[in-house]
Amino acid sequence: MTFSNTLIYWYLQNNRDLPWRKSRNPYFIWLSEIMLQQTRVAQGLSYYLKFTDTFPTVFDLAKADESTVLKMWQGLGYYSRARNLHFSAKQIANELNGEFPSTYKEIIKLKGIGDYTASAIASICFNEPTAVVDGNVYRVLSRYYGIKTPINSSAGIKEFKALAQTLIDESQPGTFNQAIMDFGALHCKPQNPLCDSCPFSGSCMALEKKLTNELPVKEKKIKVRKRYFNFLVIKTDDNKTILSERKGKGIWQGLFQFPLIESNKNINKNELVSSEEFIDLFPAETTISLFNEKEIVHKLSHQHLYTQFWIIETKKLNKATIKWTEIEKHPVPILIANFLETFLTKK
DNA sequence: TATACGTGGGA
DNA sequence: TTCCCAAGTAT
């Protein structure tokens with residue numbers, strides 16, 4: 001048996017029944033692939049159903065406001081995926097007559113689509129034999145072949161792509177690609193892989209050399225930055241608040257938040273009110289209380305946010321305000337959504 | 001090319 | 001608790 005035959009045989013018996021597998025419509029496959037980037041199926045599934053329900057075609061997605069798309073993406077993370085998805089949807093609808101590009105070379109030109117996603121769509125929807133290399137593929141191949149090249153080095157990226165390309169079943173590339181990913185996700189798992197019942201146990205290099213737990217090799221750990229956020233949750237006499245969009249680079253681009261004062265450490269009320277930014281916002285009299293006695297630590301992949309929510313009661317403001325009931329229409333980071341849920345429930 | 005970009009689940 | 005990490009991409 002070849003590697004590919006063994007794999008596909010396993011897949012035919014063990015594949016997951018997932019909604020996007022009922023279709024070869026590139027729009028649906030594209031949606032699922034973008035949503036599942038760095039995201040577990042269990043987390044992305046409900047978003048996929050919501051998106052395909054609300055936006056059954058690429059034209060529906062293209063017609064929506066970016067803010068609407070981000071609101072629907074709220075909670076899924078890596079929001080640039082949603083912005084790029086929307087950007088590309090408009091391009092497909094308006095410049096390509098709604099027709100999804102049909103080759104790897106053309107697909108990868110779209111914003112938000114890289115080597116992995118272009119390969120996935122090209123193979124699944126158009127039978128182009130181009131191998132996907134995602135986290136599952138790195139794990140399966142590094143173990144089976146005992147390859148110690150770091151998977152996040154440029155040498156590793158090339159080596160594994162080339163290897164996967166030699167293994168792909170050219171007569172059913174989409175099935176092969178999905179099979180190797182499902183096998184990695186369900187069987188050759190990061191922790192506690194099912195080596196006892198593995199169809200490759202007779203020829204797996206990692207199993208033979210007891211290297212399963214050492215592979216794949218990944219170099220360098222990420223550095224985590226600590227930041228201290230003070231959100232100013234305003235309640236005016238006429239029951240309004242301030243919510244503004246995060247612009248420019250950095251986290252949560254395009255999402256909304258309460259006015260934010262960042263500091264070098266957790267600060268107390270006196271330090272808050274004497275800060276320049278605070279005085280700038282509230283020249284008038286205010287009543288202030290700290291909502292969360294203990295800081296909330298919100299962990300992102302590269303940052304730990306030590307967060308305090310300050311409840312500020314004040315008179316009418318001259319700045320741009322919105323009604324409290326309109327907050328929920330805006331996309332917000334999960335940190336803010338969680339706060340709102342607690343705050344509004346307590347009231 | 002190294003780094004930034006979210007969130008949640010499992011061990 | 002802490003750490004890893006999950007169908008990657010952009011810059």
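Scoring rules and cut-offs
Residues numbered from 1 in each chain as written. Chains lettered and ligands numbered in written order. Predicted model: local features only at pLDDT ≥ 70, side-chain atom pairs only at ≥ 80, totals over all residues. Heavy atoms only, no water. Near = heavy atom within 4 Å. Polar contact = N/O pair within 3.5 Å; in protein donor to acceptor, adjacent residues only side chain to side chain. Helix = DSSP H or I, 4+ residues; strand = E, 2+ residues; numbered from the N terminus. Contact = heavy atoms within 4.5 Å. Nonpolar A, V, L, I, M, F, W, Y, C, P; charged D, E, K, R; others polar. Buried < 20%, exposed > 50% of the residue type's maximum accessible area, 1.4 Å probe, protein only. Domains from an automatic or database assignment. Buried area = accessible area lost by both parts, 1.4 Å probe. Salt bridge = Lys/Arg side-chain N within 4 Å of Asp/Glu carboxyl O.

(A) Inspection of the protein's contact with DNA strand C at higher detail. Taken together, 27 residues surround DNA strand C, and among them Q38, G112, D134, N136 and P190 come closest. Among the atoms of DNA strand C close to the protein, meaning within 4 Å, 67% are from sugar or phosphate groups. Within the backbone of Q38, an N or O atom sits 2.6 Å from a phosphate oxygen of DNA strand C. Residue I113 places a main-chain N or O atom 3.5 Å away from a phosphate oxygen belonging to DNA strand C. The set of elements that each furnish at least two residues to the surface near DNA strand C consists of α8 (115–126), α9 (135–145) and α11 (173–186).

(B) Molecular detail of the side chain of T130. Assignment of secondary structure puts T130 in the loop between α8 and α9. T130 has contacts with Y104, S119, A122, S123, K161, Q165, I168 and N177, leaving out every residue within four places of it along the chain.

(C) Broad picture of unusual backbone geometry. Cis geometry is found at the peptide bond from L215 to P216, where omega equals 0°. Locating P216 in the fold gives a position in the loop between α12 (205–208) and β1 (225–236). Despite not being glycine, N97 has its phi angle at roughly 55°, a positive value. Tracing the chain through its elements places N97 in the loop between α6 (80–95) and α7 (104–107).

(D) The protein's contact with DNA strand B, seen in detail. The environment of DNA strand B is made up of 23 residues, and the closest members are R40, Y79, W252, H298 and Q303. Taken together, the sugar and phosphate atoms account for 55% of what DNA strand B places within 4 Å of the protein. Contacts to DNA strand B include Y79, whose side-chain N or O atom sits 2.7 Å from a phosphate oxygen. Within the side chain of S301, an N or O atom sits 3.4 Å from a base nitrogen of DNA strand B. Here the residues of the surface near DNA strand B sort into 8 nonpolar, 11 polar and 4 charged.

(E) Main features of α9. Taking burial as the measure, the 11 residues of α9 include 9 buried ones, the bulk of the element. When we look at burial in α9, the residues that qualify are N136, V137, Y138, R139, V140, L141, S142, R143 and Y144. Considering only its buried residues, α9 is in contact with α1 (3–14), α10 (154–167), α11 and α12. Downstream of α9 by a residue or two, G146 has a phi angle that is positive, lying close to 60°.

(F) Quick peek at the domain arrangement of chain A. The domain boundaries assigned to chain A delineate domain 1 (3–214) and domain 2 (225–346). For domain 1 and domain 2, the distance between their C-alpha centres works out to 37 Å. At the junction of the two partners, domain 1 supplies 8 residues and domain 2 supplies 13 residues. Taken over both partners, the interface formed by domain 1 and domain 2 buries close to 790 Å², and the fraction arising from carbon and sulfur atoms is 55%. Applying the counting criterion to the domain 1 and domain 2 interface returns 0 salt bridges. Our count for the contact surface shared by domain 1 and domain 2 stands at 4 residue pairs in polar contact (both at pLDDT 80 or more). In terms of residues, the side of domain 1 that touches domain 2 owes the most to one element, helix α5 (residues 66–73), which gives 3 residues. For the side of domain 1 that touches domain 2, the residue count by class is 3 nonpolar, 3 polar and 2 charged.

(G) Structural context of the pattern of salt bridges. Taken as a whole, this structure holds 9 salt bridges when the rule is applied. The partner of K247 in a salt bridge is E245, and the shortest N-O contact between them spans 3.6 Å. Residue classification places K247 among the exposed positions, given a relative accessible area of 64%. When its relative accessible area of 34% is taken as the criterion, E245 is described as partly exposed. Residue E271 is joined to K265 by a salt bridge in which the shortest nitrogen-to-oxygen separation is 2.8 Å. Take E271: its relative accessible area is 33%, and that puts it in the partly exposed class. Note on K265: relative accessible area 42%, which makes it partly exposed. In the salt-bridge network here, residues are joined through shared partners; they are R16, R21 and D182.

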